[in-house]
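Examination of the molecular architecture
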Amino acid sequence: MENLLQDSGLLKTDSYIDGAWITSNTTFDVINPADGQTLVSVGNATDSDAKAAVKAADDAFASWSSLTSYDRADLLHKWHQLMMQHQDDLALILTLEQGKPLSEAKGEIAYGASFIQWFAQESIRVYGDTIPTQDRHKRVVVIKQPVGVVASITPWNFPNAMIARKAAAALAAGCTFVGLASGLTPLSALAMAELADRAGIPKGVFNILASDDAPSIGKVLTRDALVKKFTFTGSTRVGKILTEQCASTVKKVSMELGGNAPFIVFEDADIEQAVQGALASKYRNAGQTCICTNRIFVHQDIADTFTEKYVSAVTELKLGKGIDAGTNVGPMISAAAVSKTHDLVQQAVAQGAKLACGGNLSPLGESFYPPTVLTEVDNTMAVAQQELFAPVSPIIQFNNEAQVVAMANDTPYGLAAYFYSRDISRIWRVAEKLQFGMVGINDTAISNTAAPFGGMKQSGYGREGSKYGLDDYLDIKYLSFAL
Ligand code: SIN
């Protein structure tokens, strides 16, 4: 694999703790989902390694947090520059271990790096407050301070950007960081550690663990009292377990969990624009993002026109290996993911849904599933109620605004929602009624460094990116002065 890289030094196969690459007694294989072949074997971090990483981060905290925010920002800017300088190599590593098309992987590297740049800039604006009181002999001042060691667990679907979004905010705030990379995609995270090292980020400040035993390492990271904040991106099921584990040490916790995004096309929508929006939102990363469109609701008056145009656009998408030119949709992460998807599609068809395209197992290999559209879906079917994480579009018809808003909100999730309309009154009404943390209005490209990413209900709490993204890594302290 290293022969494919311009800079083979970016291929790292051991955990990075306290500024050093540690050796491990056992290894696990990283598999290319496009062909099932082993890319490399990676050292398997143990619970003791996790404890050592937390200790290193705790030891580094005093000096890192006492740097000026300008000094921290300089180092983050260097890290950002290196990420962009090595964008092609980082993207190739990402595509090989995760599967997404190379163009999307390049986009993810730029997206991840943009968080490092944003928080480098934002770190110098951590303002406090002075508060007038009833007592003229008192002065009240509010200051914000870094919480301490931050630990994170991040998923395989964005192996670069999800770490960058958390680590950049943590480091900018003055915290130190221990991240457990997904065992399916550790190489992107380890390459980020190599670049953090080259940028001069001091030892112990940024640590990355690679392991195929997330439950065990997760117990260390959530229960260790030295960890003052825990942040997770992943499924709601696992998020609940980790939140419980954090309770014993009452850590600050933020959770970016699953979604079930509705995509609503009202009768007054620009249909072409809606088709393109749904296509981009649904099939990005083969449907494997928390904010991917999960259910498409179309008003009955325009359902035939929308469906015809949408199916024709979906049929044009090219399924293939992420490294092949022209691929729009890569493999799913595993054969197991394909099999779960296929079961859900078949179950929907057995319950009365119709296959407009796709829906068959692909001859390209056991990790490939074709872009699929199901019509005549009912909102109560599993294909509409579950988070699909797959390149499958269930289309559901509706006949009035109140009905569709109720159906859209009829889910325990509350991450992202989208709708298309040209009626300004309706736009405000619907935007306010949707119970989701992020709402795209005639827009599905909602991932944006400068905007607060996060959910409501069982999609979690806390916000990442934006000026709000630093708050989760800061303690508010108030100083009361008697004169
Ligand atoms: C996610 O799937 O959790 C992240 C998607 C994004 O940031 O665009």
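Keep in mind the model is a prediction, meaning the values are calculated, not measured. (Residues numbered from 1 in each chain as written. Predicted model: local features only at pLDDT ≥ 70, side-chain atom pairs only at ≥ 80, totals over all residues. Heavy atoms only, no water.)

Below, the discussion takes up empty space enclosed by the protein. Per the counting criterion, the structure on display carries three cavities of 30 Å³ or more. Partitioned by chemical class, the residues of the lining of the largest cavity number six nonpolar, four polar and three charged. Looking at which domains feed residues into the lining of the largest cavity, each of domain 1 (2-257 + 459-482) and domain 2 (261-448) gives three or more. (1 Å grid on protein atoms, 1.4 Å probe; cavity = no way out; pocket = protein on both sides within 12 Å on 5 of 7 lines; lining within 4 Å. Points joined across faces, edges and corners; volume = space filled by probe spheres on them. Nonpolar A, V, L, I, M, F, W, Y, C, P; charged D, E, K, R; others polar. Domains from an automatic or database assignment.)

Taken together, the neighbourhood of the ligand is formed by 13 residues, with Tyr111, Arg165, Arg284, Cys290 and Ser447 sitting nearest. Between an oxygen atom of the ligand and a side-chain N or O atom of Tyr111, the distance comes to 2.8 Å. Between the ligand and the protein, one listed contact pairs an oxygen atom with a side-chain N or O atom of Ser447 at 2.4 Å. Protein contacts shield 100% of the accessible area of the ligand, which totals 260 Å² for the unbound molecule. Its atoms largely coinciding with the cavity grid, the ligand occupies the largest cavity. A class-by-class count of the residues in the shell around the ligand yields six nonpolar, four polar and three charged. (Near = heavy atom within 4 Å. Polar contact = N/O pair within 3.5 Å; in protein donor to acceptor, adjacent residues only side chain to side chain. Areas by Shrake-Rupley, 256 points an atom, 1.4 Å probe, with all protein chains shown as cover. Sits in = over half its atoms within 2 Å of the grid points.)

In terms of burial, strand E12 (residues 261-265) is largely enclosed, as five of its five residues are buried. Burial along E12 is two-sided: the face carrying Ala261, Phe263 and Val265 and the face carrying Pro262 and Ile264 are both buried. Between the parallel elements E12 and strand E13 (residues 293-299), the chain passes through helix H9 (residues 271-283) in a crossover that is right-handed. Both E12 and strand E18 (residues 416-420) contribute to a ladder of three bridges, which runs parallel. Bridging from a neighbouring strand, Val265 pairs with Tyr420 of E18. (Buried < 20%, exposed > 50% of the residue type's maximum accessible area, 1.4 Å probe, protein only. Helix = DSSP H or I, 4+ residues; strand = E, 2+ residues; numbered from the N terminus. Right-handed = clockwise from strand over helix to strand, strands pointing away. Pairing = 2+ DSSP bridges.)

Moving on, we get to the UniProt feature "active site" (unreviewed entry) in the protein. Under the feature "active site" (unreviewed entry), the UniProt entry names Glu256. Mapped onto the elements of the fold, Glu256 is located in strand E11 (residues 252-256). The residues touching Glu256, leaving out its near neighbours within four places in the chain, are Met162, Arg165, Phe232, Thr233, Gly234, Cys290, Leu415, Phe453, Ser459 and Glu464. A polar atom in the side chain of Glu256 sits 3.1 Å from the side chain of Arg165. (UniProt positions renumbered as here; feature names shortened; annotations may be inferred. Contact = heavy atoms within 4.5 Å.)

So, about helix H4 (residues 102-122). The first and last C-alpha atoms of H4 sit 30 Å apart over 21 residues, in line with the 30 Å expected at 1.5 Å per residue. All of the buried residues along H4 are Ala105, Glu108, Ile109, Tyr111, Gly112, Ala113, Ser114, Phe115, Ile116, Phe119, Ala120 and Glu122. Its buried side turned inward, H4 meets helix H2 (69-85), helix H3 (87-98) and helix H5 (161-173). (Expected span 1.5 Å × (residues − 1).)

What tends to happen in soluble globular proteins is that the nonpolar side chains get buried as a cluster. Trp79, Leu171, Phe206, Ile264, Phe306 and Tyr310 are the most contacted members of the largest nonpolar core, which has 137 residues in total. When residues in this core are grouped by element, the largest group, 11 residues, is from H5. If you count residues domain by domain, this core takes at least three from each of domain 1 (2-257 + 459-482) and domain 2 (261-448). When near neighbours in sequence (up to four residues on either side) are disregarded, Phe306 contacts Val265, Ile271, Ala274, Val275, Ala278, Ile296, Val298 and Ile395. (Core = buried A, V, L, I, M, F, W, Y, C linked by side-chain atoms within 4.5 Å.)

According to the stated counting rule, one finds zero disulfides in the structure shown. Residue Cys175 stays outside any disulfide, its sulfur separated by 15 Å from that of Cys246, the closest cysteine. (Disulfide = S-S within 2.5 Å.)

So, on to the layout of surface pockets. In this structure, the largest pocket spans a volume of roughly 1100 Å³. Lining of the largest pocket is provided by 39 residues; of these, Trp156, Gly234, Ser235, Arg237 and Val238 occupy positions nearest its centre. Listed by contribution, the elements that provide at least two residues to the lining of the largest pocket are strand E8 (176-181), helix H7 (214-223), strand E10 (227-233), helix H8 (236-247) and helix H11 (335-350). Looking at the lining of the largest pocket element by element, the count peaks at five residues for H8. Partitioning the lining of the largest pocket into residue classes produces 20 nonpolar, 15 polar and four charged. Of the domains in this structure, domain 1 (2-257 + 459-482) and domain 2 (261-448) are the two that each give at least three residues to the lining of the largest pocket. Estimated volume of the second largest pocket: approximately 290 Å³.

Turning to the domain arrangement of the protein, a few remarks are in order. Parsing the protein into structural domains produces domain 1 (2-257 + 459-482) and domain 2 (261-448). A C-alpha centroid distance of 31 Å is found between domain 1 and domain 2. With 23 residues of domain 1 at the interface, the matching set in domain 2 holds 26 residues. Counting the surface lost from both domain 1 and domain 2, the interface buries some 1900 Å², and carbon and sulfur atoms represent 60% of this. Put simply, domain 1 and domain 2 have zero salt bridges between them. Taken together, the links from domain 1 to domain 2 amount to eight residue pairs in polar contact (both at pLDDT 80 or more). At the level of secondary structure, the elements contributing two or more residues to the side of domain 1 that touches domain 2 comprise H3 and H4. (Buried area = accessible area lost by both parts, 1.4 Å probe. Salt bridge = Lys/Arg side-chain N within 4 Å of Asp/Glu carboxyl O.)

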